[in-house]
Amino acid sequence: MSISPYSYEELARKNKEYLWNPFTQMKDYIADDPVIIARGEGIKLIDVQGKAYYDGFSSVWLNVHGHNVPELNQAIVDQLNQVAHSTLLGMANIPSILLAEQLVRIAPPGLTKVFYSDSGATAVEIAIKMAFQYWQNLGKTGKHSFITMKNAYHGDTIGAVSVGAIPLYHEVYRPLLFSPYTIPYPYPYRHEGEKSAADTTIACLEQLLEEKADEIAALIVEPVVQGASGMILMPDGCLQKMAELAKKYDVLLIADEVATGFGRTGKMFACEHEGIVPDIMTIAKGITGGYLPVAATMTTERVYQAFYADYEEQKTFFHGHSYTGNPLGCAVALANLRLMEQRRLVDEVAQKSEKLGEMLRPLAAFPHVGEVRQKGFMVGIELVRDKHTKESYHWNERIGVRVTKSARVRGLLTRPLGNVIVLIPPLVSTEDDLAAMVDILAASIREVTEG
Ligand SMILES: *Cc1c(COP(=O)(O)O)cnc(C)c1O
């Protein structure tokens, strides 16, 4: 049986003629032979020519139980036979209510309200507007600025880009954006100076809050792992100190758990590594197991109560999207959480990630590997031209792209972050799967950097 009723050539031609792919220079894409996926099976994706690949980046950091999972498929079919969509504007549907209950149950204690949307960026957009309006509703109208962290990534809508700080992605839009304050994200591998990277971050934050807390609505942070900047790991204790400072200076803390949530780092949420509870938490990617676009912005009773008033007071949160609380998405998210619990998946990830660490250890000795960073099933391998001086490869060499192309030939899909090779396997990956994926990456790095 053919895997696709369309030939690869026809699909590739139509892709190049009609489709504009995201985060993709189409001139390169047009010149290339793109992967076109026809099917998924477990942790592998199969292209229209029948070649199978490990989904080594969980289809851009989403996947939990693998692809084509009977329990998740069934949850969608069951819901589909009831209703595909109905709105949450002034009314509700069954799965959105039940999922909200489950999210509150598993979230850090105190996050008791769930506001849905449909992507990480919209969850962040909502967090920003919610934090801003919180202070407006309390009459503290001067608190209208934000603090973000260097090289932060929070999504691609304009508000999310405003608190983004990756020059390559964000600089061109500067005239459209509001301007947050920026403090460094601790990056020990490339940190210079007397103070440690974490101490520098904390000192900058404290000084900024000391001077400007009266005008700051919120601090937004990627807790424990800064993903898109290259899988940068916060030293232990740093997040907790940041949370303490935010509290001391009465600034809301927004934890963007879009990448780190749902077991990815070996805890259900990365905030749990430091025992902190943010005022607002954004979640997306893993929430539906990588099936459908659902996101949420969770918050506390304190924030919720600032909006809860007589209608005439004009404190309503006027925000929503057409597909907010989509029943199919919420139904599969519920099935995802159920399956995670049945499989004790978060504990499994915590255990298997120690094995994964052992598998990765030899790579750190490669002549062009500067640092291997790992938290749970989030791995970044930073390639350097010179291991001793830590000199980077020039961006123009596209060393990361070349390594991932080599990995693709060997049967693994992933996407680099500049010179950082990413491994973010589906959470159900077994030790054998992980070993096979690490072997492919090791061979690909060797071929490109030493070959
Ligand atoms: C991916 C990501 C986002 C954006 O999510 P989308 O669903 O792609 O809009 C926001 N924040 C973080 C930390 C992310 O990793």
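Bear in mind that the values here come from a model prediction, so they are computed numbers and not experimental data.

Moving on to the UniProt feature "modified residue: N6-(pyridoxal phosphate)lysine" (unreviewed entry) in the chain. Taken from the UniProt record, the annotation "modified residue: N6-(pyridoxal phosphate)lysine" (unreviewed entry) applies to Lys285. Along the chain, Lys285 falls in the loop between β11 (280–283) and β12 (295–300). For Lys285, the contacting residues outside a window of four places in its chain are Val60, Trp61, Leu62, Val258, Ala259 and Gly290.

We now examine the packing of helix α9 (residues 197–212) against helix α10 (residues 238–248). Put simply, α9 and α10 touch, their axes get as near as 10 Å, and they point 5° apart. Looking at the two axes, α9 sits roughly parallel to α10. Of the residues in α10, those touching α9 at Ala198, Thr201, Ile202, Leu205, Glu206 and Leu209 are Cys238, Lys241, Met242, Leu245, Ala246 and Lys248. For the contact of α9 with α10, the residue count by class is 8 nonpolar, 1 polar and 3 charged.

Taken as a whole, the second largest pocket holds about 430 Å³ of empty space. Together, 15 residues line the second largest pocket, and Leu88, Met91, Val114, Phe115 and Thr324 are the ones closest to its centre. Contributing elements (two or more residues each) for the lining of the second largest pocket: α5 (94–106) and β4 (111–117). Its residues placed into classes, the lining of the second largest pocket shows 10 nonpolar, 5 polar and no charged.

Reading across the sheet, the 4 strands line up as β1-β2-β3-β16 and stay open at both edges, with mixed pairing between neighbours. Looking at strand neighbours, the two that pair on one side only are β1 (37–41) and β16 (412–413), the edges of this open sheet. Two strands pair when backbone bridges link them, and strand β3 (residues 52–55) and β16 are joined in this way by 2 bridges, in the parallel orientation. Across the sheet, Asp55 pairs through a bridge with Leu413, a residue of β16. Here helix α15 (residues 431–450) sits on the sheet in contact with β3 and β16, set at roughly 100° to β3.

Rules behind the numbers
Residues numbered from 1 in each chain as written. Predicted model: local features only at pLDDT ≥ 70, side-chain atom pairs only at ≥ 80, totals over all residues. Heavy atoms only, no water. UniProt positions renumbered as here; feature names shortened; annotations may be inferred. Helix = DSSP H or I, 4+ residues; strand = E, 2+ residues; numbered from the N terminus. Contact = heavy atoms within 4.5 Å. Axes fitted to C-alpha atoms, helices over the stretch in contact; angles between N-to-C directions. Parallel < 35°, antiparallel > 145°, perpendicular 65-115°, else oblique. Nonpolar A, V, L, I, M, F, W, Y, C, P; charged D, E, K, R; others polar. 1 Å grid on protein atoms, 1.4 Å probe; cavity = no way out; pocket = protein on both sides within 12 Å on 5 of 7 lines; lining within 4 Å. Points joined across faces, edges and corners; volume = space filled by probe spheres on them. Pairing = 2+ DSSP bridges.

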